[in-house]
Amino acid sequence: MAAPHERECAVCTNDFTTPKILPCGHLLCRQCVISWMDSTPDAGCPLCRCPIVEQSDGSSSDTVDALPTDFVMEALVESARVLSKDHLCCVCEDVRADFICMQCQDMLCSACTKAHKKLSVSRSHDVESVSTVTPERLAASRPALCADHGDKQAEFFCREHRLAVCSACKANKHKVCPETNYLDDEIKSVQKSLTDLTKNLVEAEQKLEQAIGQLTSRLQEVDVSEEEDMAQVDKACDRLHKLVEDVCNKLKDKCRTQHLKIRKSLCDVKTSLSYRLGKVTLHKHIVTRAVAVSPRPALIHMTQALTDRVNSLDLSADLQGEVWVKPLSSVECCQDVVRVIEDEFLMLKQEKTESKVKFYPFQSSINF
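So, how was this worked out
- Residues numbered from 1 in each chain as written.
- Predicted model: local features only at pLDDT ≥ 70, side-chain atom pairs only at ≥ 80, totals over all residues.
- Heavy atoms only, no water.
- Helix = DSSP H or I, 4+ residues; strand = E, 2+ residues; numbered from the N terminus.
- Buried < 20%, exposed > 50% of the residue type's maximum accessible area, 1.4 Å probe, protein only.
- Contact = heavy atoms within 4.5 Å.
- Areas by Shrake-Rupley, 256 points an atom, 1.4 Å probe, with all protein chains shown as cover.
- Core = buried A, V, L, I, M, F, W, Y, C linked by side-chain atoms within 4.5 Å.
- Pairing = 2+ DSSP bridges.
- UniProt positions renumbered as here; feature names shortened; annotations may be inferred.

- Within an unreviewed UniProt entry, the label attached to the protein chain reads RING-type domain-containing protein, and the organism entered is Pomacea canaliculata.

Here is the structure:
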(Lines give C-alpha, C1' and ligand atoms only; values in the text may rest on other atoms or scores of the structure.)
Protein backbone atom coordinates (compact mmCIF):
# COMPACT_ATOMS: atom_id res chain seq x y z
CA MET A 1 0.00 0.00 0.00
CA ALA A 2 1.43 3.36 -1.04
CA ALA A 3 1.83 5.80 1.83
CA PRO A 4 0.41 9.30 1.28
CA HIS A 5 3.86 10.83 0.91
CA GLU A 6 4.64 8.36 -1.88
CA ARG A 7 1.91 10.02 -3.95
CA GLU A 8 3.54 13.44 -3.53
CA CYS A 9 5.97 15.08 -5.93
CA ALA A 10 9.30 15.91 -4.26
CA VAL A 11 9.48 19.27 -6.07
CA CYS A 12 6.00 20.77 -5.65
CA THR A 13 5.07 18.55 -2.64
CA ASN A 14 1.57 18.13 -4.11
CA ASP A 15 -0.05 14.98 -5.41
CA PHE A 16 1.44 13.87 -8.71
CA THR A 17 0.06 15.36 -11.89
CA THR A 18 1.13 13.30 -14.92
CA PRO A 19 3.99 11.60 -13.04
CA LYS A 20 7.04 11.01 -15.21
CA ILE A 21 9.49 8.18 -14.54
CA LEU A 22 13.06 9.51 -14.55
CA PRO A 23 15.95 7.25 -15.65
CA CYS A 24 16.92 6.82 -11.98
CA GLY A 25 13.43 5.56 -11.08
CA HIS A 26 12.22 8.63 -9.17
CA LEU A 27 8.88 10.19 -10.04
CA LEU A 28 8.19 13.87 -10.65
CA CYS A 29 5.27 15.80 -12.11
CA ARG A 30 5.64 16.51 -15.81
CA GLN A 31 5.52 20.28 -15.31
CA CYS A 32 7.95 20.07 -12.39
CA VAL A 33 10.51 18.27 -14.55
CA ILE A 34 10.11 20.86 -17.30
CA SER A 35 10.53 23.76 -14.86
CA TRP A 36 13.52 22.06 -13.23
CA MET A 37 15.26 21.51 -16.58
CA ASP A 38 14.57 25.07 -17.70
CA SER A 39 15.96 26.56 -14.48
CA THR A 40 19.00 24.34 -14.01
CA PRO A 41 21.73 23.82 -16.65
CA ASP A 42 22.58 20.14 -17.11
CA ALA A 43 19.75 19.36 -14.73
CA GLY A 44 19.86 16.04 -12.93
CA CYS A 45 17.29 14.41 -10.71
CA PRO A 46 16.75 16.76 -7.74
CA LEU A 47 16.71 13.74 -5.43
CA CYS A 48 19.85 11.84 -6.54
CA ARG A 49 21.50 14.06 -9.22
CA CYS A 50 21.28 11.26 -11.78
CA PRO A 51 21.10 12.75 -15.32
CA ILE A 52 17.56 13.12 -16.58
CA VAL A 53 18.66 12.69 -20.19
CA GLU A 54 22.01 11.78 -21.73
CA GLN A 55 21.69 14.44 -24.43
CA SER A 56 18.78 16.57 -25.59
CA ASP A 57 18.64 18.69 -28.71
CA GLY A 58 14.97 19.56 -28.42
CA SER A 59 12.89 21.56 -25.99
CA SER A 60 12.56 20.49 -22.39
CA SER A 61 8.85 19.72 -22.89
CA ASP A 62 9.64 17.36 -25.79
CA THR A 63 12.33 15.72 -23.70
CA VAL A 64 10.00 15.24 -20.74
CA ASP A 65 7.16 13.97 -22.92
CA ALA A 66 9.53 11.27 -24.16
CA LEU A 67 9.87 9.97 -20.60
CA PRO A 68 7.39 7.21 -19.65
CA THR A 69 4.34 8.20 -17.61
CA ASP A 70 3.49 6.21 -14.48
CA PHE A 71 -0.18 5.58 -15.24
CA VAL A 72 -0.50 3.36 -12.17
CA MET A 73 0.58 6.19 -9.87
CA GLU A 74 -1.74 8.50 -11.76
CA ALA A 75 -4.61 6.11 -11.05
CA LEU A 76 -3.62 5.82 -7.39
CA VAL A 77 -3.58 9.61 -7.03
CA GLU A 78 -7.01 9.88 -8.62
CA SER A 79 -8.37 7.08 -6.42
CA ALA A 80 -6.92 8.69 -3.31
CA ARG A 81 -8.50 11.98 -4.35
CA VAL A 82 -11.91 10.26 -4.67
CA LEU A 83 -11.57 8.70 -1.21
CA SER A 84 -10.46 11.99 0.34
CA LYS A 85 -13.60 13.86 -0.72
CA ASP A 86 -16.41 14.52 1.70
CA HIS A 87 -18.27 11.27 2.23
CA LEU A 88 -21.62 12.47 0.87
CA CYS A 89 -23.99 10.44 -1.22
CA CYS A 90 -23.67 11.41 -4.88
CA VAL A 91 -27.46 11.10 -5.24
CA CYS A 92 -28.79 12.57 -2.03
CA GLU A 93 -25.87 15.04 -1.79
CA ASP A 94 -26.57 16.01 1.83
CA VAL A 95 -26.66 12.50 3.28
CA ARG A 96 -23.55 10.78 4.63
CA ALA A 97 -22.18 8.11 2.31
CA ASP A 98 -20.98 4.89 3.92
CA PHE A 99 -20.46 2.92 0.72
CA ILE A 100 -18.68 3.33 -2.61
CA CYS A 101 -19.19 1.55 -5.92
CA MET A 102 -15.81 0.16 -6.97
CA GLN A 103 -16.71 0.38 -10.67
CA CYS A 104 -18.62 3.67 -10.82
CA GLN A 105 -16.44 5.15 -8.01
CA ASP A 106 -19.52 6.95 -6.71
CA MET A 107 -20.20 7.27 -2.98
CA LEU A 108 -23.62 6.10 -1.84
CA CYS A 109 -25.74 6.16 1.28
CA SER A 110 -27.43 2.99 2.53
CA ALA A 111 -30.69 3.64 0.68
CA CYS A 112 -29.00 4.48 -2.62
CA THR A 113 -26.74 1.44 -2.25
CA LYS A 114 -29.78 -0.82 -2.23
CA ALA A 115 -31.18 0.93 -5.30
CA HIS A 116 -27.78 0.74 -7.03
CA LYS A 117 -27.71 -3.02 -6.61
CA LYS A 118 -31.16 -3.37 -8.15
CA LEU A 119 -30.42 -1.46 -11.36
CA SER A 120 -29.59 -3.68 -14.29
CA VAL A 121 -26.56 -1.64 -15.33
CA SER A 122 -25.03 -1.75 -11.87
CA ARG A 123 -26.37 -4.97 -10.45
CA SER A 124 -23.01 -6.73 -10.91
CA HIS A 125 -20.96 -3.87 -9.44
CA ASP A 126 -19.02 -4.28 -6.21
CA VAL A 127 -20.21 -1.90 -3.52
CA GLU A 128 -18.08 -1.79 -0.37
CA SER A 129 -17.75 0.20 2.81
CA VAL A 130 -15.77 3.40 2.29
CA SER A 131 -13.77 2.77 5.46
CA THR A 132 -12.29 -0.48 4.10
CA VAL A 133 -11.40 0.66 0.59
CA THR A 134 -7.80 1.66 -0.20
CA PRO A 135 -6.60 3.72 -3.17
CA GLU A 136 -4.91 0.59 -4.54
CA ARG A 137 -8.12 -1.49 -4.50
CA LEU A 138 -10.16 1.36 -5.93
CA ALA A 139 -7.63 1.93 -8.73
CA ALA A 140 -7.58 -1.80 -9.55
CA SER A 141 -11.40 -1.81 -9.80
CA ARG A 142 -11.64 1.11 -12.20
CA PRO A 143 -13.40 0.00 -15.39
CA ALA A 144 -11.52 0.08 -18.68
CA LEU A 145 -13.29 2.71 -20.75
CA CYS A 146 -12.96 3.38 -24.45
CA ALA A 147 -10.40 6.06 -25.27
CA ASP A 148 -12.82 7.70 -27.71
CA HIS A 149 -16.10 6.99 -25.91
CA GLY A 150 -15.48 7.59 -22.24
CA ASP A 151 -18.83 6.14 -21.28
CA LYS A 152 -18.43 2.80 -23.06
CA GLN A 153 -16.65 -0.29 -21.80
CA ALA A 154 -13.40 -1.02 -23.63
CA GLU A 155 -13.21 -4.58 -24.93
CA PHE A 156 -10.22 -4.38 -27.27
CA PHE A 157 -6.71 -2.93 -27.30
CA CYS A 158 -5.09 -1.47 -30.41
CA ARG A 159 -1.37 -2.11 -30.25
CA GLU A 160 -0.60 0.29 -33.07
CA HIS A 161 -2.22 3.26 -31.32
CA ARG A 162 -1.73 1.89 -27.78
CA LEU A 163 -5.41 2.56 -26.96
CA ALA A 164 -8.20 0.64 -25.26
CA VAL A 165 -11.26 0.84 -27.50
CA CYS A 166 -14.85 -0.36 -27.58
CA SER A 167 -16.23 -2.77 -30.17
CA ALA A 168 -17.66 0.11 -32.23
CA CYS A 169 -14.29 1.85 -32.46
CA LYS A 170 -12.60 -1.45 -33.38
CA ALA A 171 -15.06 -1.91 -36.23
CA ASN A 172 -14.66 1.66 -37.49
CA LYS A 173 -11.59 3.67 -36.54
CA HIS A 174 -9.31 0.70 -35.90
CA LYS A 175 -10.54 -1.83 -38.43
CA VAL A 176 -7.36 -1.46 -40.54
CA CYS A 177 -5.00 -1.65 -37.57
CA PRO A 178 -2.95 -4.85 -37.86
CA GLU A 179 -3.11 -5.82 -34.20
CA THR A 180 -6.29 -5.21 -32.25
CA ASN A 181 -6.62 -7.85 -29.57
CA TYR A 182 -9.11 -8.56 -26.85
CA LEU A 183 -8.36 -6.35 -23.86
CA ASP A 184 -8.45 -9.29 -21.43
CA ASP A 185 -5.88 -11.17 -23.55
CA GLU A 186 -3.69 -8.08 -23.72
CA ILE A 187 -3.93 -7.62 -19.95
CA LYS A 188 -2.94 -11.26 -19.40
CA SER A 189 0.02 -10.76 -21.73
CA VAL A 190 1.26 -7.64 -19.97
CA GLN A 191 0.68 -9.24 -16.57
CA LYS A 192 2.95 -12.09 -17.64
CA SER A 193 5.51 -9.54 -18.89
CA LEU A 194 5.29 -7.65 -15.60
CA THR A 195 5.69 -10.92 -13.69
CA ASP A 196 8.85 -11.66 -15.68
CA LEU A 197 10.09 -8.12 -15.11
CA THR A 198 9.40 -8.45 -11.40
CA LYS A 199 11.31 -11.74 -11.31
CA ASN A 200 14.29 -10.19 -13.12
CA LEU A 201 14.25 -7.13 -10.88
CA VAL A 202 13.98 -9.25 -7.72
CA GLU A 203 16.93 -11.36 -8.85
CA ALA A 204 18.93 -8.24 -9.72
CA GLU A 205 17.97 -6.65 -6.39
CA GLN A 206 19.09 -9.77 -4.49
CA LYS A 207 22.38 -9.90 -6.40
CA LEU A 208 23.04 -6.22 -5.81
CA GLU A 209 22.20 -6.55 -2.12
CA GLN A 210 24.51 -9.57 -1.93
CA ALA A 211 27.28 -7.64 -3.69
CA ILE A 212 26.78 -4.68 -1.37
CA GLY A 213 26.86 -7.08 1.59
CA GLN A 214 30.14 -8.50 0.29
CA LEU A 215 31.54 -5.02 -0.08
CA THR A 216 30.40 -4.18 3.44
CA SER A 217 32.23 -7.28 4.71
CA ARG A 218 35.27 -6.32 2.68
CA LEU A 219 35.20 -2.83 4.17
CA GLN A 220 35.07 -4.35 7.63
CA GLU A 221 37.99 -6.63 6.71
CA VAL A 222 39.92 -3.62 5.44
CA ASP A 223 39.24 -1.81 8.72
CA VAL A 224 40.49 -4.83 10.68
CA SER A 225 43.48 -5.12 8.36
CA GLU A 226 44.27 -1.45 8.89
CA GLU A 227 44.20 -1.90 12.66
CA GLU A 228 46.47 -4.95 12.40
CA ASP A 229 48.86 -3.15 10.06
CA MET A 230 48.93 -0.14 12.37
CA ALA A 231 49.76 -2.46 15.26
CA GLN A 232 52.57 -3.99 13.20
CA VAL A 233 53.86 -0.50 12.35
CA ASP A 234 53.83 0.42 16.04
CA LYS A 235 55.60 -2.83 16.88
CA ALA A 236 58.25 -2.24 14.22
CA CYS A 237 58.75 1.35 15.33
CA ASP A 238 59.03 0.24 18.96
CA ARG A 239 61.68 -2.23 17.88
CA LEU A 240 63.54 0.46 15.98
CA HIS A 241 63.22 2.90 18.89
CA LYS A 242 64.62 0.30 21.28
CA LEU A 243 67.40 -0.49 18.86
CA VAL A 244 68.33 3.19 18.52
CA GLU A 245 68.12 3.66 22.28
CA ASP A 246 70.31 0.61 22.97
CA VAL A 247 72.92 1.63 20.41
CA CYS A 248 72.82 5.21 21.69
CA ASN A 249 73.48 4.02 25.25
CA LYS A 250 76.31 1.78 24.08
CA LEU A 251 77.87 4.62 22.11
CA LYS A 252 77.66 6.92 25.10
CA ASP A 253 79.20 4.27 27.35
CA LYS A 254 81.99 3.72 24.85
CA CYS A 255 82.57 7.44 24.45
CA ARG A 256 82.51 7.92 28.23
CA THR A 257 85.02 5.07 28.77
CA GLN A 258 87.40 6.39 26.14
CA HIS A 259 87.42 9.88 27.57
CA LEU A 260 87.71 8.57 31.13
CA LYS A 261 90.81 6.58 30.14
CA ILE A 262 92.43 9.58 28.46
CA ARG A 263 91.45 11.85 31.34
CA LYS A 264 93.06 9.46 33.85
CA SER A 265 96.22 9.24 31.78
CA LEU A 266 96.47 13.02 31.54
CA CYS A 267 95.85 13.41 35.27
CA ASP A 268 98.59 10.89 36.02
CA VAL A 269 101.03 12.78 33.81
CA LYS A 270 99.99 16.08 35.37
CA THR A 271 100.46 14.71 38.88
CA SER A 272 103.91 13.40 37.98
CA LEU A 273 104.91 16.73 36.46
CA SER A 274 103.59 18.62 39.47
CA TYR A 275 105.64 16.41 41.76
CA ARG A 276 108.77 17.05 39.66
CA LEU A 277 108.01 20.75 39.55
CA GLY A 278 107.91 20.84 43.32
CA LYS A 279 111.33 19.23 43.60
CA VAL A 280 112.77 21.56 40.96
CA THR A 281 111.30 24.63 42.68
CA LEU A 282 112.68 23.62 46.10
CA HIS A 283 116.14 23.00 44.73
CA LYS A 284 115.97 26.27 42.85
CA HIS A 285 115.38 28.09 46.16
CA ILE A 286 118.36 26.28 47.68
CA VAL A 287 120.66 27.21 44.78
CA THR A 288 119.37 30.80 44.72
CA ARG A 289 119.98 31.17 48.47
CA ALA A 290 123.49 29.71 48.11
CA VAL A 291 124.33 32.23 45.39
CA ALA A 292 122.96 35.08 47.44
CA VAL A 293 124.77 34.22 50.66
CA SER A 294 127.93 32.76 49.11
CA PRO A 295 129.81 31.53 52.21
CA ARG A 296 133.18 30.76 50.75
CA PRO A 297 134.14 27.41 52.25
CA ALA A 298 130.51 26.24 52.38
CA LEU A 299 129.76 27.41 48.85
CA ILE A 300 132.40 25.07 47.49
CA HIS A 301 130.97 22.10 49.31
CA MET A 302 127.34 23.10 48.45
CA THR A 303 128.02 23.60 44.76
CA GLN A 304 129.23 20.07 44.24
CA ALA A 305 126.40 18.60 46.28
CA LEU A 306 123.77 20.76 44.59
CA THR A 307 125.20 19.92 41.18
CA ASP A 308 124.97 16.25 41.91
CA ARG A 309 121.43 16.66 43.23
CA VAL A 310 120.23 18.74 40.30
CA ASN A 311 121.80 16.34 37.87
CA SER A 312 119.85 13.56 39.50
CA LEU A 313 116.56 15.42 38.99
CA ASP A 314 114.38 14.89 35.93
CA LEU A 315 114.39 18.36 34.47
CA SER A 316 112.72 17.47 31.16
CA ALA A 317 109.30 18.95 30.40
CA ASP A 318 108.62 17.05 27.19
CA LEU A 319 105.17 15.53 27.01
CA GLN A 320 104.92 12.07 25.54
CA GLY A 321 103.00 11.48 22.34
CA GLU A 322 100.13 9.69 24.03
CA VAL A 323 99.28 12.93 25.83
CA TRP A 324 98.28 14.46 22.53
CA VAL A 325 96.23 11.52 21.37
CA LYS A 326 92.71 12.68 20.73
CA PRO A 327 89.73 10.62 21.87
CA LEU A 328 88.38 8.33 19.21
CA SER A 329 85.70 10.13 17.18
CA SER A 330 82.13 8.87 17.52
CA VAL A 331 81.34 9.80 13.94
CA GLU A 332 82.19 6.36 12.61
CA CYS A 333 80.19 4.72 15.37
CA CYS A 334 77.21 6.94 14.63
CA GLN A 335 77.51 6.05 10.98
CA ASP A 336 77.48 2.41 11.98
CA VAL A 337 74.27 3.03 13.90
CA VAL A 338 72.70 4.68 10.86
CA ARG A 339 73.70 1.68 8.75
CA VAL A 340 72.18 -0.69 11.29
CA ILE A 341 68.90 1.26 11.28
CA GLU A 342 68.89 1.39 7.50
CA ASP A 343 69.39 -2.39 7.45
CA GLU A 344 66.41 -2.73 9.78
CA PHE A 345 64.27 -0.60 7.47
CA LEU A 346 65.42 -2.65 4.47
CA MET A 347 64.56 -5.86 6.29
CA LEU A 348 61.08 -4.51 7.12
CA LYS A 349 60.59 -3.52 3.51
CA GLN A 350 61.63 -6.96 2.28
CA GLU A 351 59.32 -8.63 4.78
CA LYS A 352 56.45 -6.45 3.56
CA THR A 353 57.26 -7.22 -0.09
CA GLU A 354 57.68 -10.94 0.35
CA SER A 355 54.58 -11.43 2.49
CA LYS A 356 51.37 -12.23 0.63
CA VAL A 357 48.67 -9.59 0.42
CA LYS A 358 45.94 -10.51 2.88
CA PHE A 359 42.95 -9.42 0.87
CA TYR A 360 42.68 -9.53 -2.92
CA PRO A 361 42.59 -7.20 -4.88
CA PHE A 362 43.97 -4.54 -2.55
CA GLN A 363 47.73 -4.03 -2.77
CA SER A 364 50.13 -2.68 -0.18
CA SER A 365 51.16 0.89 -0.94
CA ILE A 366 53.52 1.52 2.01
CA ASN A 367 56.76 3.08 0.84
CA PHE A 368 59.75 3.24 3.10
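Resuming the write-up.
As for the overall build of the protein chain
Here is step 1 of the chain: Scanning the protein chain from terminus to terminus reveals nine helices and eight strands.
Here is step 2 of the chain: Among the 368 residues that make up the protein chain, the fraction classed as buried is 23%.
Here is step 3 of the chain: For the protein chain, the proportion of contacts with a sequence separation of at least 24, taken over those separated by at least 6, is 46%.
Here is step 4 of the chain: Looking at the protein chain as shown, the accessible area adds up to about 26400 Å², and 57% of this sits on carbon and sulfur atoms.

Describing the nonpolar core
Here is step 1 of the chain: Membership of the largest hydrophobic core comes to 20 residues, with the highest contact counts inside it found for Cys9, Phe16, Leu22, Val33, Met37, Ile52 and Met73.
Here is step 2 of the chain: For this core, the elements supplying multiple residues, two or more each, are strand 2 (27–29), helix 1 (30–39) and helix 3 (71–84).
Here is step 3 of the chain: Core analysis: the next-biggest nonpolar cluster, separate from the first, contains 13 residues, Ile100, Met107, Cys109 and Leu138 among them.

Side note on the sheet that holds strand 5 (residues 127–129)
Here is step 1 of the chain: The strand order across the open sheet built from three strands is 4-3-5, with neighbouring strands paired in antiparallel fashion. Sheet topology places strand 4 (107–108) and strand 5 at the edges, where each strand pairs with a single neighbour.

Digging into the UniProt feature "coiled-coil region" (unreviewed entry) in the protein chain
Here is step 1 of the chain: Taken from the UniProt record, the annotation "coiled-coil region" (unreviewed entry) applies to residues 187–221.
Here is step 2 of the chain: Between the end C-alpha atoms of residues 187–221 there is a gap of 50 Å, over a span that is 100% helix and 0% strand.

Observations concerning the environment of Glu160
Here is step 1 of the chain: Position of Glu160 relative to the elements: it lies in the loop between strand 6 (156–158) and strand 7 (163–165).
Here is step 2 of the chain: Placed 17 residues apart in sequence, Glu160 and Cys177 show a C-alpha to C-alpha distance of 6.6 Å.
Here is step 3 of the chain: Once you skip the residues sitting within four places of it in the chain, Glu160 turns out to touch Cys177, Pro178 and Glu179.

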